[in-house]
Structures are given as structure tokens and as C-alpha cells.
Amino acid sequence: MVPKVANHPLPAVKAAKKPKLKILAALIRKDWQLYSLLVLPIVYLLIFKYGPMIGNIIAFRRFMPGGNIYGEKWVGLHYFKMFIHDPAFWNVFTNTLLLGALSLLFTFPVPIIFALLLNEVKSKRFKKFVQTASYLPHFLSIVIVAGMILQLTSVNGSINSLVEFFNGDRINFMQRAEWFRTIYISSEIWQGMGWGAILYLAALTTIDESLYEAARIDGANRWKQTMFVTIPGILPTIVTLLILNMGAFLAVGFEKILLLYNPVIYETADVISTYLYRVGLVSSNFSYATAIGLFESVIGLILVFSVNAISRRLTDRSLW
């Protein structure tokens, strides 16, 4: 008598996968023109984003210029212990957290408020003028923006002239550490307010007008319509951008800070990215800089996953 052999689940799994692969292949054949547009972005990501991640290995190996590009000797967590016990690192880490928190607190909601206000403007000409004027700073070079800031905040600049007009004393803003955060956040708001409002203005156009009509019939004024119709309508966009911004929470604007700061204001202006520049490129301590960069990236990844999970639990909206 031949014993019965239990059916192995693997063939069933393979059989289930084959139709899905056939469906995917059929979709690609049908819309291959659209899928072909993904080739260049994918190649770009592989070469310039994912490929360089292999270099993170030198955070655990001693790298010597001119030697093996993946390091000469395995040192484990040596460089991580170095920055954990380095007071200078914790100073720049604190500055980065503060600037990131201030940016999130002020620069993130301002475009939302600006879009809501602009949405209430009835004159199309005035609305287009304000939109155009608010977009322009985003297209200015960081070098030009930094030069404008240095000119405006100089001792003989426009801001000090205004201060003197109101009987105040002239202040050398860029030599006073306590003023740097205010200047940086103000410039970020000015430069990004109009550009950041584009997505919210686009989201506002998707809200069904019948919802506003129903709200008006129920006696809702403009404020209540904004609170109970407009904001819930753009909430998915707000949540998505918030999660994406959290990924760059510690990646505070390197170029602008590098152009604005000086050793006198390192106390509040020096951040992780500028510290990495000095340690890695200027001092050629590449392994140490890579370890710090990897630490920063891991924290950013944790923040993205955390905010995504919190958003999914509180608002039922998330990126995944």
C-alpha cells in the first residue's frame, strides 16, 4: 500500500504568484510608455542615492585617503563612541534639534495659513500678483539670499537704520549668537512661504463646493467653514508633507547656514551638517564624519516611521 504524501504548500504559492506576474506583465505591455518614464528616476536613485549607501561601511572601518575606498581596518563602533563622548558634537546636535523644531513650528504652518488666506481673496488679479511675488524668493540662489541677509543685518544695513530711526542702538546681528536663530527662521519663512503654499492651494481646488453650500445653509460663517470644511479637506496633504518634513528634521539647511555663520556664532549656528563639513572635508576625518551622518540618518528614519504610525492611529491617514 502506497502511503499518502501530504501536498506541499509551495506549488500552490507558486501557482498563486504566476497569475499576479502575468497581470503585471500585461499591465506593463499595455502602458509601457508610462512605465518607461520610471526608468531614468529609478536609475538616478540607484546611482546617486542607494549606491553611495555602500560607503557607510567606513563608519565601522578606519579610512585612509589614498587607500582602500572601503577602509583599511575594522574598528567596530569606535567612531560612534568618539562622537558620543565629544562635547562639540552634542552642542551641534542640540542646535540642530532647536533649529529643526523651530522650523517645524513656524515654517511648516505658515504656508498653510498663507494658502487659506489667499483662498479667500476674490480679486483674481490681486491673487495672481501675490502668488507670483511670494514664489519669487524660492527661485533665488542661496548665495544671493545669504548676501541679502548679510546686507540687511549689517551694522549699516536697512534693519539697523530702522532700529536707529526708532531711537534704538545699532546691533551687529551676525556677530551676536542669540540673534542667529531668529534671522535664520525668518529667512526660511520668507523664502519658502509662497512655494510651500502651492500644494495646499492645489488641494483646496479639490474640495467639493457643495460642502460649503451645505455649511452655509446650516448657518456656518467663513471661520466655521474653514475649520470644518477647508482644513479637513486639505488634511491628507498636510499629513503627507508633515511626515516627509520629519524625515529632513535634522537636515537643517546646510548651504544657507554655511554662508551665514562664522566662528563667533558657532554657539547657536553650528549644526550637524556644517560640523560634518568641517570634520569630514576640511579635516579629512571621513570615517568619523560618516559615523555621525549615519547616526543622523537613522534618527531621521525613526522619526518618519514614528510620525507615520502616530498619524495612522490618530487621523487614519499615513504614507503606508
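Residues numbered from 1 in each chain as written. Predicted model: local features only at pLDDT ≥ 70, side-chain atom pairs only at ≥ 80, totals over all residues. Heavy atoms only, no water.

1. Brief notes about the packing of aromatic side chains
Inspection of the entire model under this criterion finds 18 aromatic pairs. Judged by centre distance (5.8 Å) and plane angle (25 degrees), the rings of phenylalanine 89 and phenylalanine 93 are stacked. Of this pair, phenylalanine 89 and phenylalanine 93 both sit in helix 5 (residues 87-107), four residues apart, which is roughly one turn of the helix. Like phenylalanine 89, the residue phenylalanine 93 is buried in the burial classification. For the pair phenylalanine 165 and phenylalanine 166, a centre-to-centre distance of 5.2 Å together with 85 degrees between the ring planes defines the contact as edge-to-face. Through a chain of ring-to-ring contacts, three or more aromatic side chains come together here, namely Phe60, Trp74, Phe80, Phe83, Phe89, Trp90, Phe93 and Phe295. (Phe/Tyr/Trp six-rings, centres within 6.5 Å; stacked < 30°, edge-to-face > 60°. Helix = DSSP H or I, 4+ residues; strand = E, 2+ residues; numbered from the N terminus. Buried < 20%, exposed > 50% of the residue type's maximum accessible area, 1.4 Å probe, protein only.)

2. Some thoughts on the packing of helix 5 against helix 10 (residues 180-204)
Contact geometry of helix 5 with helix 10 gives a least axis separation of 10 Å together with a crossing angle of 40 degrees. As summarised for this structure, helix 5 and helix 10 are arranged oblique, according to the angle between their axes. Crossing angle aside, the handedness with which helix 5 passes helix 10 is right-handed. Where helix 5 approaches helix 10, its residues Asn95, Leu98, Leu99, Leu102, Ser103, Phe106 and Thr107 are matched on the opposing element by Phe180, Arg181, Tyr184, Ile185, Glu188 and Ile189. Per-class residue counts for the contact of helix 5 with helix 10 are eight nonpolar, three polar and two charged. (Axes fitted to C-alpha atoms, helices over the stretch in contact; angles between N-to-C directions. Parallel < 35°, antiparallel > 145°, perpendicular 65-115°, else oblique. Left-handed = near helix turned anticlockwise from the far one by under 90°. Contact = heavy atoms within 4.5 Å. Nonpolar A, V, L, I, M, F, W, Y, C, P; charged D, E, K, R; others polar.)

3. Focus on the environment of arginine 312
With respect to the secondary-structure elements, arginine 312 resides in helix 16 (residues 286-315). Look at arginine 312 and you get partly exposed, because its relative accessible area is 40%. Every residue in contact with arginine 312, bar those within four places of it in the chain, is listed here: Arg317, Ser318 and Trp320.

4. Brief notes about the nonpolar core
Counting 25 residues, the largest nonpolar core has Phe83, Phe89, Tyr275, Tyr288 and Ile292 as its most contacted members. Elements supplying a minimum of two residues to this core: helix 4 (78-84), helix 5, helix 12 (222-247), helix 15 (272-282) and helix 16. Counting residues per element, this core draws most heavily on helix 16, at eight residues. What tyrosine 275 contacts, discounting residues up to four positions off in sequence, is Asp86, Ala88, Phe89, Val92, Asp270, Tyr288 and Ile292. (Core = buried A, V, L, I, M, F, W, Y, C linked by side-chain atoms within 4.5 Å.)

5. Things to note about the packing of helix 12 against helix 16
Close contact between helix 12 and helix 16 brings their axes to 7 Å; oriented N to C, the two are set at 160 degrees. Taken as axis vectors, helix 12 and helix 16 run roughly antiparallel relative to one another. Crossing handedness for the pair helix 12 and helix 16: right-handed. Residues Val239, Ile243, Met246 and Gly247 of helix 12 lie in contact with helix 16, whose contacting residues are Gly300, Leu303, Val304, Val307, Asn308, Ser311 and Thr315. Taken together, the residues of the contact of helix 12 with helix 16 break down into six nonpolar, five polar and no charged.

6. Let's talk about the environment of alanine 248
Checked against the element boundaries, alanine 248 lands in the loop between helix 12 and helix 13 (254-260). With a relative accessible area of 41%, alanine 248 lands in the partly exposed category. When the C-alpha positions of alanine 248 and glycine 100 are compared, they lie 8.6 Å apart, and in sequence the two are 148 residues distant.

7. Things to note about unusual backbone geometry
Glycine aside, residues mostly have negative phi, and peptide bonds are mostly found in the trans state. At asparagine 167, a residue that is not glycine, the phi angle is positive and equals roughly 65 degrees. Among the structural elements, asparagine 167 can be located in the loop between helix 9 (158-165) and helix 10. In this structure asparagine 167 comes out as exposed when scored by relative accessible area, which is 75%. The phi dihedral of serine 284 falls on the positive side, at around 60 degrees, and the residue is not glycine. Structurally, serine 284 is set in the loop between helix 15 and helix 16. Looking at serine 284, the relative accessible area reads 36%, which means it is partly exposed.

8. Comments concerning the confidence of the model for the protein chain
Confidence in the prediction for the protein chain averages 86 pLDDT; 94% of positions are at 70 or higher. Residue range residues 1-6 is modelled with pLDDT below 50. Its contacts to residues more than four positions away, or to other chains, number zero contacts. Under a pLDDT of 50 for its full length, residues 8-16 has, in the predicted model, zero contacts with residues more than four places off or in other chains. (pLDDT = per-residue confidence, 0-100.)

9. Considering the environment of glutamate 267
Looking at where glutamate 267 falls in the secondary structure, it is placed in helix 14 (residues 266-269). By relative accessible area, glutamate 267 is classed as exposed at 57%. Along the sequence, glutamate 267 and serine 154 sit 113 residues apart, while their C-alpha atoms lie 20 Å from each other. The contacts of glutamate 267, once residues within four sequence positions are left out, are Asn91, Asn95 and Ala177.

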